[in-house]
Amino acid sequence: MLAILGEIEVQLQTGFTALEATLGGEFAEQARIGRKPGLQWVGDKCDE
């Protein structure tokens, strides 16, 4: 899709292929006596 603003031409990206995101989470390792360490969710990472 193409838009014209006065003398400026702008190419618009539409649809799911034009969007990209990276999501993530932060985890802390919890040590346990006599057992395997466990993971605890502590929050989301910043979205990109």
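Residues numbered from 1 in each chain as written. Predicted model: local features only at pLDDT ≥ 70, side-chain atom pairs only at ≥ 80, totals over all residues. Heavy atoms only, no water.

A. Focus on the overall build of the protein. Of the regular secondary structure elements, the protein holds 0 helices and 4 strands. Reading the secondary structure of the protein in the N-to-C direction produces β-β-β-β. Scored against the burial criterion, the 48 residues of the protein give a buried share of 4%. Here the contacts in the protein between residues at least 6 apart in sequence split such that 14% fall between residues at least 24 apart. Put simply, the protein shows about 5000 Å² of open surface, and 55% of that area lies on carbon and sulfur atoms. (Helix = DSSP H or I, 4+ residues; strand = E, 2+ residues; numbered from the N terminus. Buried < 20%, exposed > 50% of the residue type's maximum accessible area, 1.4 Å probe, protein only. Contact = heavy atoms within 4.5 Å. Areas by Shrake-Rupley, 256 points an atom, 1.4 Å probe, with all protein chains shown as cover.)

B. Representation of the environment of G25 in the model. Mapped onto the fold, G25 is located in strand β3 (residues 25-30). Each C-alpha atom of the pair G25 and W41 lies 7.3 Å from the other, and the pair is 16 residues apart in sequence. When neighbours within four sequence positions are excluded, G25 is seen to be in contact with W41, G43, D44 and K45.

C. Examining the environment of K45 more closely. By secondary structure assignment, the location of K45 is in the segment after β4 (38-44). According to the relative accessible area criterion, K45 is partly exposed, its value standing at 42%. Counting along the chain gives 20 residues from K45 to G25, while the straight-line C-alpha distance between them is 4.9 Å. Filtering out sequence-adjacent residues up to four positions away, K45 remains in contact with G24, G25 and E26.

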